[in-house]
Each structure stands twice: as structure tokens, then as C-alpha cells.
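Secondary and tertiary structure notes
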Amino acid sequence: MADQSQSGVRLAPGVASITNVNWPGLRALYVKEVRRFFKVQLQTIWAPAITTMLFLVIFTVALGGSGRTVLGHPFADFIAPGLIVMGMLQNAFANSSFSLLVGKIQGTIVDYLMPPLSNGELLAALAGASVTRAILVGFAVWLAMLLWPGVHVTPRHFWAIAWFGILGALFLAFMGVMTSIWAEKFDHAAAVTNFVVAPLSLLSGTFYSVEALSPLFRAISHANPFFYIISGFRYGFLGESDSPVLLGAAIVVAINLVMGSACYALLRSGWKIKA
């Protein structure tokens, strides 16, 4: 036994045997999370795409049929990018807010806590799977809009689409992780969805230009982080935005750093997830 301990075959309790990133474990958890939502892809990917398309049909029929333009573009072309990224944000939140919460409710949270994964690796896998779902939903919505008559969603600035799409989804993924840590039942997560995520996404300039608002409501819109995500994502398709694109890009990065650090601190503390 002494020889085995000295040779490194067996380690004393508390001695780490994985000193770097546990890439196999990180990949396994990420794949597990992706497979979880992909098994019900009709509900997690295609249903949100259809719902988003219904928004497009309703608003273009109700408001865009008379040749209305916003920022010099037809109304349908104006709202299409916002609808795409709105669907991405909402589904990124829905995915990450479900993982830990269902584990807490069903008593399987140990499956996330016992594997040899650090808090950063656990957070990266959960957030990465949520961003993956958001990208799939966004691609499905974009493809449907590409085939829809009267709507033009040809990308102009790929960097803006990727930057605001991925970082926006990451922001909502972090928010979902924080919600799943705090929530004790599905009603709590639904409350955050209904009273935080949905209002912020709908009142962020998705269906209108904030320049048409009064100064007070325009200032309130500028305090909404969703506004910068949607405005920057729209810039990738139209070449026009309601706010400086580089400023919005910097704000999104700063928000993600804050949210990611907060999620890491919560996971490290074990608040509401560890006895």
C-alpha cells in the first residue's frame, strides 16, 4: 500500500487527481444536456419557431400591410431579426432554468454535484447546451422567414449576428442558471419567465423603434439589456440600429462577465443546491 501511494496509483483523500480542465467530463455533461432537449425537439425547437412565425404573420398583417416602414425598411423586414433573437433568448433561458431545478425537485441533483467537475465546468456545460438550443431555434426561425414571401432576412454583417446572438443567448443562459439555483418549484421559474424575461424582451424594441418613444420611455428602454442585444442583432441584417453597435457589444460583454461571475459564486457557495 505504501509503495502504491508513493507511485501515485492511489491518492490520499482530498488530493485532486484532475488538475486541469476535465474535458471528457465537460463534454459528457454538455452532450447529456443537448440530448435531453433534442429528444423532445418538436417542443423545444420547432414549436418556438412556429410561435415566432405567428408573431411575424400577425404583426405584418395588422401593421405592415399598408407599406409602413421603420428605419427606412419595410415593417416585416424590421421586426424579423428581433423576432429571431427574441426566440433565441427565451429558449436559452428556458433550457438552463430547467436543468438544476428538475434535479432539485426530483432528487437527482447529485448527478450534477458528484461527478469530478469544477463549478466552472458545470456552468460551462449548462450554459453551452442552452446556447446550442438557442442557435438551433434561431436557425429554424431564420429558415422559415427566409422562405416566407415578403420578408427579407439576408445577413449583412455576420459578426454582429454571431456576437449578439451568441452572447445574448449566453446572458439568458446565465440568468436561467441563477433562476434554477434560486427556485424551489416550477412556479418560481415560470414567474421569472412571465414577469422578467417576457416583458423585457417584448418591451425592448422588437416591434418598434425606440426613437419613436418619448424621452422618458426611451431612457427606460436604454436601461434594458435586451434592447442592446436586439438592436445589435438587427444591425447584422439591416445595417441599421437604434443604438451604437460597438457600445451595445461592449455592454453585452460586461453583462455576461457580471452574470457569469455571479453564477459561479452561487455554484461555489452551494446555496440551495448543497445540504
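For the structure, check the block above.
Here the structure is a predicted model, which is why all the values come from computation and not from measurement.

Quick look at the packing of aromatic side chains now. Taken as a whole and assessed by the stated rule, the structure comprises eight aromatic pairs. Ring centres of F98 and F186 lie 6.1 Å apart, and the angle between their planes is 15°; on these two criteria the pair is classed as stacked. Here the residue F98 occupies a position in helix α4 (residues 75-106), and F186 occupies one in helix α8 (residues 186-202), the gap between them amounting to 88 residues. On the accessibility criterion, F186 (40% relative accessible area) is partly exposed.

Counted under the stated rule, the structure contains four salt bridges. Across the pair E33 and R36 runs a salt bridge, and its minimum N-O distance is 3.1 Å. Taken together, the residues E33 and R36, both in helix α2 (residues 23-38) and three residues apart, mark about one turn of the helix. Residue class for E33 comes out buried when judged on its relative accessible area of 1%. D242 is the salt-bridge partner of R234, the closest N and O atoms lying 3.9 Å from each other. Judged by relative accessible area, R234 falls into the buried class, the value being 1%. Owing to a relative accessible area of 7%, D242 belongs among the buried residues under this scheme.

On to the side chain of R234. Of note, R234 is situated in helix α10 (residues 225-238). Polar contacts involving the side chain of R234 include one to the main-chain carbonyl oxygen of T206, which spans 3.3 Å. Contacts of R234, omitting those with residues within four sequence positions, involve F78, P81, G82, G205, T206, G239, E240 and D242.

Another point: α4. Counted at 1.5 Å a residue, the expected span for α4 with its 32 residues is 46 Å, and the 46 Å between its end C-alpha atoms agrees. Residue F98 marks the point of greatest curvature in α4, where the axis turns by about 30°. Burial of α4 is extensive: 26 of the 32 residues sit out of reach of the surface. At the exit of α4 stands G107, carrying a positive phi of roughly 80°.

Analysis parameters
Residues numbered from 1 in each chain as written. Predicted model: local features only at pLDDT ≥ 70, side-chain atom pairs only at ≥ 80, totals over all residues. Heavy atoms only, no water. Phe/Tyr/Trp six-rings, centres within 6.5 Å; stacked < 30°, edge-to-face > 60°. Helix = DSSP H or I, 4+ residues; strand = E, 2+ residues; numbered from the N terminus. Buried < 20%, exposed > 50% of the residue type's maximum accessible area, 1.4 Å probe, protein only. Salt bridge = Lys/Arg side-chain N within 4 Å of Asp/Glu carboxyl O. Polar contact = N/O pair within 3.5 Å; in protein donor to acceptor, adjacent residues only side chain to side chain. Contact = heavy atoms within 4.5 Å. Expected span 1.5 Å × (residues − 1). Bend = angle between axes of the 7 residues up to and from the residue.

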